[in-house]
Amino acid sequence: MSDYDTVSADVEHEEEIPADHPRYQDLLTRHRIETGIEKGITHLQGMHAEGRGSAFDYLLGEETIPSADAAERAAAAHLLLADQPVLSINGNVAALVPGEMVDLASAVDADLEVNLFNRTADRVEAIAEHLREHGADEVKGLTADARIPKLDHQRAKVDADGIYAADVVLVPLEDGDRAEALQEMDKTEIVIDLNPLSRSPQVAAVPIVDNIIRAVPNMTEHARDLADADEAELRSIVDEFDREQALEEAEARIRNGL
Ligand code: ATP
């Protein structure tokens with residue numbers, strides 16, 4: 001029996017997970033989702049989403065592949081060019097990368113908006129509070145005074161001065177219906193999703209096939225690196241990015257290990 005066989009997935013604190021464990025990222029993600037459910041910020045269905053993501057990440061080799069890194073750089077350029085960028089936060093995102101989303105929002109001067117599939121007032125407030133505890137000054141999504149067209153009432157709710165008005169939106173781990181509806185509103189949509197065949201990355205202008213726990217800090221690093229870039233440079237990064245190629249390369253890695 002190796003030392004690692006004695007590490008329970010059911011740890012009290014994430015510091016108990018050894019950083020050199022071969023499945024470290026997977027144990028960490030699972031633990032954060034469980035904690036999110038206990039705290040009332042993540043819906044139980046978030047565990048299913050996490051399980052699906054975990055399987056795809058295993059096949060990707062649990063690393064940021066070069067096409068995902070290119071997508072993360074293009075996403076950073078889009079956010080820096082945007083007039084009104086918004087980062088959408090659901091229960092899994094809040095549980096997995098709260099501080100990292102706050103850092104990204106600050107690096108690209110974007111708003112954070114709580115945007116839930118299974119929306120309840122308590123959960124919206126709990127997530128907003130969780131983000132504030134991680135350094136957010138302002139959190140949108142509590143007003144919910146506008147609707148995304150073509151979605152049922154609960155799932156359509158957004159802030160009029162947030163996602164509804166945004167020109168560029170980052171929607172990590174988004175469900176396919178809402179990703180499609182946002183795309184039809186002519187927004188530039190950046191999606192983070194480990195499944196390249198899922199509808200959300202398929203409709204995104206920038207599909208990022210990577211684990212959110214790696215993707216978001218890497219986007220922030222790219223944004224900081226590009227902080228002094230002029231508009232022409234940012235536009236050329238955006239124009240050179242090939243979404244079809246990014247999706248194909250991710251699928252090839254997952255199917256064939258290429
Ligand atoms: P569709 O978009 O077609 O509705 P779906 O029903 O699989 O697909 P959901 O269950 O709503 O989508 O969303 C979960 C998605 O999030 C899955 O595609 C899963 O791979 C992805 N996912 C889960 N955890 C992570 C993570 N940590 N990082 C990135 N993506 C993740």
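Going by the structure above, here's the rest.
Residues numbered from 1 in each chain as written. Predicted model: local features only at pLDDT ≥ 70, side-chain atom pairs only at ≥ 80, totals over all residues. Heavy atoms only, no water.

A.B. asks: An account of the overall build of the protein is needed here, citing residue identities and associated values.
C.D. replies: What the protein contains, in helices and strands, is twelve helices and eight strands. A compact globule built from 258 residues would reach a C-alpha radius of gyration of about 18 Å, and the protein, at 18 Å, matches this within 12%. When the backbone C-alpha atoms are referred to their principal axes, the protein occupies close to 55 × 45 × 35 Å. The buried share among the 258 residues of the protein stands at 51%. In the protein, of all internal contacts separated by at least 6 residues, the share reaching a separation of at least 24 is 63%. (Helix = DSSP H or I, 4+ residues; strand = E, 2+ residues; numbered from the N terminus. Rg over C-alpha atoms; globule rule 2.2 N^0.38 Å. Buried < 20%, exposed > 50% of the residue type's maximum accessible area, 1.4 Å probe, protein only. Contact = heavy atoms within 4.5 Å.)

A.B. asks: Give a detailed account of the site of the ligand, specifying residues and quantitative values.
C.D. replies: Near the ligand there are 17 residues, and of these Arg52, Asp193, Ser198, Asn211 and Ile212 occur at the shortest range. Arginine 52 has a polar side-chain atom sitting 2.3 Å from an oxygen atom of the ligand. Take arginine 199: an N or O atom from its main chain is 3.2 Å from an oxygen atom of the ligand. When residues of the shell around the ligand are traced back to their parent elements, those giving at least two are helix 2 (45-60) and helix 9 (199-203). Broken down by element, the shell around the ligand gets its largest block of residues, four residues, from helix 2. Here the shell around the ligand is built from residues that sort into six nonpolar, six polar and five charged. (Near = heavy atom within 4 Å. Polar contact = N/O pair within 3.5 Å; in protein donor to acceptor, adjacent residues only side chain to side chain. Nonpolar A, V, L, I, M, F, W, Y, C, P; charged D, E, K, R; others polar.)

A.B. asks: Describe the pairing of strand 6 (residues 168-172), listing the residues and the values that go with them.
C.D. replies: Among the five residues of strand 6, five are classified as buried, and the element is accordingly described as predominantly covered. Of the two faces of strand 6, the one lined by Val168, Leu170 and Pro172 and the one lined by Val169 and Val171 are each fully buried. By the bridge criterion, three bridges tie strand 1 (residues 85-89) to strand 6 in an arrangement that is parallel. Within strand 6, the residue paired with valine 86 across the bridge is valine 169. One ladder, built from five bridges, connects strand 6 with strand 7 (residues 188-192); its direction is parallel. Bridge pairing in strand 7 links proline 172 to isoleucine 192. For the crossover that starts at strand 6, traverses helix 8 (residues 176-184) and ends in the parallel strand 7, the hand is right-handed. (Pairing = 2+ DSSP bridges. Right-handed = clockwise from strand over helix to strand, strands pointing away.)

By themselves these figures say nothing about function.
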